[in-house]
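Descriptive analysis of the structure
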Amino acid sequence: MDQTKENLRRLDALRLYGGDTRIRDEYGNIVARASGSPFYQDKGAYRTLNALLFPGIVSEYSRIFREGHMLNPVYLENLEDTIQLYCDIFYLMCETKDYRDNTNIIAKRVERFSAKEEYEQKRTPSFVSASKAGYSETFSLSKDEVMLLEIQVPANVPYLELEVVLGEDYKYRDEKEVLLPPFVEVSLQEQKLEQEDRRGIRDKNGKPPRGKYRIYAKAFPDFGTFDSVAAKDKMLSEVCSQKETVQKALEAMSRGKWEKDFSEYIEWKARLQLYLKRIFSDMWYRGRTE
(Lines give C-alpha, C1' and ligand atoms only; values in the text may rest on other atoms or scores of the structure.)
Protein backbone atom coordinates (compact mmCIF):
# COMPACT_ATOMS: atom_id res chain seq x y z
CA MET A 1 0.00 0.00 0.00
CA ASP A 2 1.03 3.60 -0.62
CA GLN A 3 2.72 4.89 2.53
CA THR A 4 1.60 8.51 2.17
CA LYS A 5 0.75 10.49 5.27
CA GLU A 6 -2.95 10.15 4.44
CA ASN A 7 -2.74 6.39 4.07
CA LEU A 8 -0.74 6.03 7.30
CA ARG A 9 -3.54 7.94 9.04
CA ARG A 10 -6.05 5.41 7.68
CA LEU A 11 -3.95 2.47 8.82
CA ASP A 12 -3.57 4.03 12.26
CA ALA A 13 -7.35 4.45 12.48
CA LEU A 14 -7.76 0.74 11.86
CA ARG A 15 -5.04 -0.14 14.37
CA LEU A 16 -6.69 2.03 17.03
CA TYR A 17 -10.04 0.35 16.42
CA GLY A 18 -8.31 -2.99 16.92
CA GLY A 19 -6.80 -1.91 20.25
CA ASP A 20 -3.26 -1.09 19.09
CA THR A 21 -2.26 2.26 20.63
CA ARG A 22 1.37 2.30 19.49
CA ILE A 23 2.40 5.42 17.58
CA ARG A 24 4.76 6.23 14.73
CA ASP A 25 8.11 8.00 14.91
CA GLU A 26 9.11 10.80 12.53
CA TYR A 27 10.00 8.24 9.86
CA GLY A 28 6.61 6.52 9.89
CA ASN A 29 7.79 3.49 11.87
CA ILE A 30 5.59 2.15 14.66
CA VAL A 31 7.18 2.41 18.09
CA ALA A 32 6.02 0.70 21.29
CA ARG A 33 4.92 3.67 23.33
CA ALA A 34 1.57 5.34 23.90
CA SER A 35 0.62 8.54 22.11
CA GLY A 36 0.35 11.75 24.08
CA SER A 37 -3.12 12.30 22.63
CA PRO A 38 -5.98 10.74 24.66
CA PHE A 39 -7.72 10.05 21.33
CA TYR A 40 -5.08 7.41 20.56
CA GLN A 41 -4.58 5.99 24.05
CA ASP A 42 -7.82 4.04 24.53
CA LYS A 43 -7.27 0.32 23.85
CA GLY A 44 -11.04 -0.14 24.19
CA ALA A 45 -11.88 2.64 21.73
CA TYR A 46 -14.07 0.25 19.74
CA ARG A 47 -16.63 0.21 22.58
CA THR A 48 -17.40 3.91 22.26
CA LEU A 49 -17.02 3.99 18.47
CA ASN A 50 -19.53 1.15 18.07
CA ALA A 51 -22.00 2.38 20.70
CA LEU A 52 -22.49 5.57 18.69
CA LEU A 53 -23.53 3.49 15.66
CA PHE A 54 -26.27 1.49 17.39
CA PRO A 55 -29.79 2.94 17.31
CA GLY A 56 -31.26 3.95 20.66
CA ILE A 57 -29.29 3.43 23.86
CA VAL A 58 -29.35 -0.38 24.12
CA SER A 59 -25.61 -0.56 23.46
CA GLU A 60 -24.76 2.13 26.01
CA TYR A 61 -26.93 0.40 28.62
CA SER A 62 -25.32 -3.00 27.98
CA ARG A 63 -21.76 -1.70 28.04
CA ILE A 64 -22.07 0.75 30.94
CA PHE A 65 -24.73 -0.65 33.26
CA ARG A 66 -24.57 -4.40 32.66
CA GLU A 67 -20.86 -4.84 31.91
CA GLY A 68 -19.27 -1.97 33.85
CA HIS A 69 -17.38 -0.41 30.95
CA MET A 70 -17.07 3.35 30.68
CA LEU A 71 -17.49 4.92 27.25
CA ASN A 72 -14.84 7.47 26.41
CA PRO A 73 -16.05 11.09 25.99
CA VAL A 74 -12.89 11.98 24.04
CA TYR A 75 -14.56 10.58 20.91
CA LEU A 76 -17.35 13.13 21.31
CA GLU A 77 -15.04 15.98 22.30
CA ASN A 78 -13.12 15.34 19.06
CA LEU A 79 -16.14 14.40 16.98
CA GLU A 80 -14.71 15.61 13.67
CA ASP A 81 -11.72 13.29 14.18
CA THR A 82 -14.03 10.44 15.16
CA ILE A 83 -16.06 10.84 11.96
CA GLN A 84 -12.82 10.91 9.97
CA LEU A 85 -11.77 7.69 11.70
CA TYR A 86 -15.02 5.98 10.64
CA CYS A 87 -14.44 7.14 7.07
CA ASP A 88 -10.80 6.04 7.10
CA ILE A 89 -11.70 2.49 8.11
CA PHE A 90 -14.46 2.28 5.50
CA TYR A 91 -12.07 3.64 2.85
CA LEU A 92 -9.74 0.72 3.52
CA MET A 93 -12.66 -1.66 3.00
CA CYS A 94 -13.39 -0.05 -0.35
CA GLU A 95 -9.72 -0.13 -1.34
CA THR A 96 -9.43 -3.90 -0.83
CA LYS A 97 -12.46 -4.92 -2.91
CA ASP A 98 -10.48 -5.08 -6.16
CA TYR A 99 -8.01 -7.58 -4.68
CA ARG A 100 -10.44 -10.24 -3.47
CA ASP A 101 -11.29 -13.57 -5.00
CA ASN A 102 -14.93 -14.65 -5.24
CA THR A 103 -14.92 -17.07 -2.34
CA ASN A 104 -17.01 -16.49 0.77
CA ILE A 105 -15.31 -15.95 4.10
CA ILE A 106 -16.65 -17.68 7.21
CA ALA A 107 -15.75 -16.01 10.49
CA LYS A 108 -16.95 -16.48 14.06
CA ARG A 109 -17.94 -14.02 16.76
CA VAL A 110 -19.10 -14.11 20.37
CA GLU A 111 -21.81 -11.42 20.45
CA ARG A 112 -23.99 -9.86 23.13
CA PHE A 113 -27.39 -11.52 23.10
CA SER A 114 -28.93 -8.04 23.40
CA ALA A 115 -27.69 -7.31 19.85
CA LYS A 116 -29.89 -10.07 18.39
CA GLU A 117 -32.77 -7.65 17.91
CA GLU A 118 -30.59 -5.41 15.73
CA TYR A 119 -29.51 -8.30 13.50
CA GLU A 120 -33.20 -9.24 13.21
CA GLN A 121 -33.68 -5.79 11.68
CA LYS A 122 -31.52 -7.13 8.81
CA ARG A 123 -28.48 -4.92 9.33
CA THR A 124 -25.13 -4.89 11.05
CA PRO A 125 -25.64 -2.46 13.93
CA SER A 126 -22.02 -1.26 14.09
CA PHE A 127 -18.60 -2.31 12.91
CA VAL A 128 -18.53 -6.07 13.46
CA SER A 129 -15.32 -7.99 13.98
CA ALA A 130 -15.11 -11.76 13.71
CA SER A 131 -12.31 -14.30 13.65
CA LYS A 132 -11.40 -16.89 11.06
CA ALA A 133 -9.55 -18.64 13.92
CA GLY A 134 -12.74 -19.46 15.86
CA TYR A 135 -14.63 -18.18 18.89
CA SER A 136 -12.70 -16.14 21.46
CA GLU A 137 -13.11 -17.51 24.97
CA THR A 138 -11.36 -14.46 26.43
CA PHE A 139 -13.57 -11.99 24.56
CA SER A 140 -16.76 -13.61 25.86
CA LEU A 141 -15.71 -13.07 29.48
CA SER A 142 -16.24 -9.31 29.20
CA LYS A 143 -19.85 -9.59 28.00
CA ASP A 144 -23.14 -10.16 29.78
CA GLU A 145 -25.26 -12.87 28.10
CA VAL A 146 -23.75 -13.99 24.81
CA MET A 147 -24.63 -15.79 21.60
CA LEU A 148 -22.44 -17.38 18.96
CA LEU A 149 -22.39 -16.04 15.40
CA GLU A 150 -21.07 -17.66 12.24
CA ILE A 151 -20.81 -14.89 9.67
CA GLN A 152 -20.70 -15.62 5.94
CA VAL A 153 -19.17 -12.74 4.01
CA PRO A 154 -19.23 -12.67 0.18
CA ALA A 155 -16.81 -10.65 -1.95
CA ASN A 156 -19.46 -8.08 -2.95
CA VAL A 157 -19.79 -6.75 0.62
CA PRO A 158 -17.45 -4.16 2.18
CA TYR A 159 -15.07 -5.81 4.64
CA LEU A 160 -11.39 -6.15 5.32
CA GLU A 161 -8.98 -8.63 6.86
CA LEU A 162 -6.75 -6.82 9.33
CA GLU A 163 -3.76 -9.05 8.67
CA VAL A 164 -3.95 -8.36 4.92
CA VAL A 165 -4.41 -4.59 5.27
CA LEU A 166 -1.99 -3.91 8.13
CA GLY A 167 0.69 -6.47 7.28
CA GLU A 168 3.59 -6.12 9.69
CA ASP A 169 1.68 -3.38 11.55
CA TYR A 170 -0.89 -5.95 12.72
CA LYS A 171 -0.28 -6.70 16.39
CA TYR A 172 -2.75 -9.58 16.84
CA ARG A 173 -2.13 -11.88 13.88
CA ASP A 174 -3.30 -15.02 15.65
CA GLU A 175 -6.84 -13.60 15.75
CA LYS A 176 -7.17 -13.60 11.92
CA GLU A 177 -9.70 -10.82 12.31
CA VAL A 178 -12.29 -9.84 9.70
CA LEU A 179 -14.08 -6.50 10.04
CA LEU A 180 -17.44 -5.55 8.51
CA PRO A 181 -18.88 -2.03 8.53
CA PRO A 182 -22.20 -0.92 10.01
CA PHE A 183 -25.38 -0.83 7.91
CA VAL A 184 -24.69 -4.01 5.87
CA GLU A 185 -27.84 -5.87 4.86
CA VAL A 186 -27.88 -9.29 6.54
CA SER A 187 -30.17 -12.21 7.28
CA LEU A 188 -30.21 -14.20 10.51
CA GLN A 189 -30.76 -17.95 10.76
CA GLU A 190 -30.83 -19.88 14.02
CA GLN A 191 -28.52 -22.89 14.27
CA LYS A 192 -28.43 -25.81 16.66
CA LEU A 193 -26.27 -25.06 19.68
CA GLU A 194 -24.12 -28.16 20.00
CA GLN A 195 -22.55 -29.31 23.26
CA GLU A 196 -19.09 -28.50 21.90
CA ASP A 197 -20.25 -24.93 21.28
CA ARG A 198 -20.96 -24.56 25.00
CA ARG A 199 -17.62 -25.94 26.04
CA GLY A 200 -15.19 -23.19 27.02
CA ILE A 201 -17.42 -20.22 26.08
CA ARG A 202 -18.80 -18.38 29.11
CA ASP A 203 -20.02 -14.85 29.68
CA LYS A 204 -18.91 -12.59 32.55
CA ASN A 205 -21.32 -14.40 34.89
CA GLY A 206 -20.09 -17.87 33.93
CA LYS A 207 -23.16 -18.66 31.81
CA PRO A 208 -22.95 -20.51 28.46
CA PRO A 209 -24.16 -18.99 25.16
CA ARG A 210 -27.92 -18.49 24.84
CA GLY A 211 -27.97 -19.46 21.18
CA LYS A 212 -26.12 -19.86 17.90
CA TYR A 213 -26.91 -18.09 14.63
CA ARG A 214 -25.67 -17.91 11.06
CA ILE A 215 -25.40 -14.38 9.68
CA TYR A 216 -25.48 -14.02 5.90
CA ALA A 217 -24.04 -10.69 4.76
CA LYS A 218 -25.86 -9.76 1.54
CA ALA A 219 -25.03 -6.25 0.34
CA PHE A 220 -24.27 -2.71 1.37
CA PRO A 221 -27.39 -0.67 0.52
CA ASP A 222 -27.08 2.55 -1.44
CA PHE A 223 -28.44 5.15 0.98
CA GLY A 224 -28.21 7.94 -1.57
CA THR A 225 -25.95 10.96 -1.79
CA PHE A 226 -25.96 14.63 -0.88
CA ASP A 227 -27.51 17.18 -3.22
CA SER A 228 -24.33 19.24 -3.08
CA VAL A 229 -21.07 19.70 -1.20
CA ALA A 230 -22.75 22.51 0.69
CA ALA A 231 -25.54 20.17 1.82
CA LYS A 232 -22.98 17.63 3.03
CA ASP A 233 -21.01 20.28 4.91
CA LYS A 234 -24.22 21.66 6.45
CA MET A 235 -25.24 18.25 7.78
CA LEU A 236 -21.77 17.63 9.19
CA SER A 237 -21.82 21.03 10.88
CA GLU A 238 -25.22 20.30 12.42
CA VAL A 239 -24.04 16.94 13.75
CA CYS A 240 -20.86 18.40 15.25
CA SER A 241 -22.63 21.44 16.74
CA GLN A 242 -24.41 19.20 19.27
CA LYS A 243 -21.37 17.44 20.66
CA GLU A 244 -21.50 19.22 24.02
CA THR A 245 -25.14 18.21 24.49
CA VAL A 246 -24.47 14.56 23.68
CA GLN A 247 -21.38 14.58 25.91
CA LYS A 248 -23.63 15.53 28.83
CA ALA A 249 -25.98 12.67 27.95
CA LEU A 250 -23.09 10.20 27.96
CA GLU A 251 -21.86 11.58 31.27
CA ALA A 252 -25.34 11.08 32.77
CA MET A 253 -25.32 7.45 31.63
CA SER A 254 -21.90 6.97 33.19
CA ARG A 255 -23.31 8.27 36.50
CA GLY A 256 -26.20 5.80 36.28
CA LYS A 257 -28.89 8.40 35.58
CA TRP A 258 -30.89 6.08 33.33
CA GLU A 259 -34.18 7.73 34.30
CA LYS A 260 -33.25 10.85 32.28
CA ASP A 261 -34.81 11.62 28.91
CA PHE A 262 -32.24 10.69 26.27
CA SER A 263 -34.45 11.37 23.25
CA GLU A 264 -32.25 14.25 22.06
CA TYR A 265 -29.19 12.00 22.24
CA ILE A 266 -30.99 9.25 20.32
CA GLU A 267 -32.10 11.70 17.62
CA TRP A 268 -28.54 13.01 17.33
CA LYS A 269 -27.22 9.47 16.85
CA ALA A 270 -29.74 8.92 14.04
CA ARG A 271 -28.45 12.06 12.26
CA LEU A 272 -24.84 10.97 12.69
CA GLN A 273 -25.69 7.56 11.26
CA LEU A 274 -27.57 9.07 8.30
CA TYR A 275 -24.55 11.22 7.51
CA LEU A 276 -22.27 8.18 7.60
CA LYS A 277 -24.68 6.11 5.49
CA ARG A 278 -24.55 8.69 2.71
CA ILE A 279 -20.78 9.17 2.98
CA PHE A 280 -20.19 5.40 2.90
CA SER A 281 -22.58 5.00 -0.06
CA ASP A 282 -20.67 7.63 -2.00
CA MET A 283 -17.41 5.85 -1.22
CA TRP A 284 -18.64 2.35 -2.08
CA TYR A 285 -20.79 3.08 -5.13
CA ARG A 286 -19.38 6.33 -6.50
CA GLY A 287 -15.69 6.06 -5.64
CA ARG A 288 -15.53 9.25 -3.59
CA THR A 289 -13.05 9.68 -0.75
CA GLU A 290 -13.21 11.51 2.56
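Our structure is the block above this text.
Residues numbered from 1 in each chain as written. Predicted model: local features only at pLDDT ≥ 70, side-chain atom pairs only at ≥ 80, totals over all residues. Heavy atoms only, no water.

Things to note about the pattern of salt bridges
In the structure shown here, the tally under the stated rule is 24 salt bridges. Here Asp12 ties to Arg24 by a salt bridge, and the two come within 3.0 Å at their closest N and O atoms. Separated by twelve residues along the polypeptide, Asp12 in helix α1 (residues 5-17) and Arg24 in strand β1 (residues 22-24) bring together distant segments of the chain. A salt bridge links Arg286 to Asp222, with the shortest nitrogen-to-oxygen separation between them at 3.0 Å. A residue pair is termed long-range when its members are at least 10 positions apart, and Arg286 in helix α12 (residues 263-286) and Asp222 in the loop between β9 (212-219) and α10 (229-240) qualify at 64 residues. (Salt bridge = Lys/Arg side-chain N within 4 Å of Asp/Glu carboxyl O. Helix = DSSP H or I, 4+ residues; strand = E, 2+ residues; numbered from the N terminus.)

What about the packing of helix α5 (residues 79-95) against α10?
Helix packing for two helices is described by the angle between their axes and how far apart those axes are. Across the interface, α5 lies against α10 with an axial gap of 10 Å and an inter-helix angle of 125°. Viewed along their axes, α5 and α10 adopt a mutual orientation that is oblique. At the point where α5 passes α10, the crossing takes the right-handed sense. Touching Leu79, Glu80 and Ile83 of α5 are Leu236, Val239 and Cys240, all from α10. The residue inventory of the contact of α5 with α10, partitioned by class, reads five nonpolar, no polar and one charged. (Axes fitted to C-alpha atoms, helices over the stretch in contact; angles between N-to-C directions. Parallel < 35°, antiparallel > 145°, perpendicular 65-115°, else oblique. Left-handed = near helix turned anticlockwise from the far one by under 90°. Contact = heavy atoms within 4.5 Å. Nonpolar A, V, L, I, M, F, W, Y, C, P; charged D, E, K, R; others polar.)

Topic: the environment of Gly18
Looking at the secondary structure, you find Gly18 in the loop between α1 and β1. Using a relative accessible area of 26% as the deciding quantity, one classes Gly18 as partly exposed. Here the alpha-carbon distance between Gly18 and Leu162, two residues 144 residues apart in the chain, equals 8.6 Å. (Buried < 20%, exposed > 50% of the residue type's maximum accessible area, 1.4 Å probe, protein only.)

Section: α5
Helix length check: α5 (17 residues) gives 24 Å between terminal C-alpha atoms against 24 Å at 1.5 Å per residue, within 8%. With respect to burial, α5 is a largely interior element, 13 of its 17 residues being buried. (Expected span 1.5 Å × (residues − 1).)

Some words on the layout of surface pockets
Approximately 670 Å³ is the volume found for the largest pocket. Lining the largest pocket we find 29 residues, and of these Ser129, Ser136, Phe139, Glu175 and Glu177 sit closest to its centre. Listing elements by their share of the lining of the largest pocket, those giving two or more residues are α2 (45-51), β3 (105-112), β4 (128-131) and α7 (137-140). Per-class residue counts for the lining of the largest pocket are ten nonpolar, nine polar and ten charged. Put simply, the second largest pocket is a space of about 260 Å³. Lining the second largest pocket are 13 residues, with Leu8, Arg9, Asp12, Arg24 and Tyr40 sitting closest to its centre. Counting residues per element, the ones that place at least two in the lining of the second largest pocket are α1 and β1. A total of six residues in the lining of the second largest pocket trace back to one element, the largest contributor, which is α1. (1 Å grid on protein atoms, 1.4 Å probe; cavity = no way out; pocket = protein on both sides within 12 Å on 5 of 7 lines; lining within 4 Å. Points joined across faces, edges and corners; volume = space filled by probe spheres on them.)

Focus on unusual backbone geometry
Positive phi, close to 65°, is recorded for Glu145, a residue that is not glycine. Along the chain, the position of Glu145 falls in the loop between α7 and β5 (146-153). Since its relative accessible area comes to 22%, Glu145 is described here as partly exposed. At Phe183, a position not held by glycine, the phi torsion is positive, near 75°. Counting through the fold element by element, Phe183 comes out in the loop between β7 (177-180) and β8 (185-191).

Notes on the pairing of β7
Side-chain alternation along β7 places Glu177 and Leu179 on one buried face and Val178 and Leu180 on a second face that is also buried. Note that β4 and β7 share four bridges and pair antiparallel. Within β7, the residue paired with Ser129 across the bridge is Leu179. Bridging between strand β6 (residues 160-161) and β7 involves two bridges; their strand directions are antiparallel. (Pairing = 2+ DSSP bridges.)

Focus on the packing of aromatic side chains
In this structure the tally under the stated criterion is 15 aromatic pairs. Residues Phe39 and Tyr75 carry aromatic rings whose centres are separated by 4.9 Å and whose planes lie at 65° to one another, so their mutual orientation is edge-to-face. In this pair, Phe39 sits in the loop between β2 (30-34) and α2 while Tyr75 sits in helix α4 (residues 74-77), placing the two residues 36 residues apart along the sequence. Looking at Phe39, the relative accessible area reads 4%, which means it is buried. Judged by its relative accessible area of 0%, Tyr75 is buried. When the ring of Phe90 is compared with that of Phe280, the centres are 4.2 Å apart and the planes differ by 0°; the resulting orientation is stacked. Of the two residues, Phe90 is situated in helix α5 and Phe280 in helix α12; the sequence distance between them amounts to 190 residues. On the basis of relative accessibility, which here comes to 0%, the residue Phe90 falls in the buried class. The rings of Phe90, Phe183, Phe220, Phe223 and Phe280 are connected pair by pair, giving a single aromatic cluster. (Phe/Tyr/Trp six-rings, centres within 6.5 Å; stacked < 30°, edge-to-face > 60°.)

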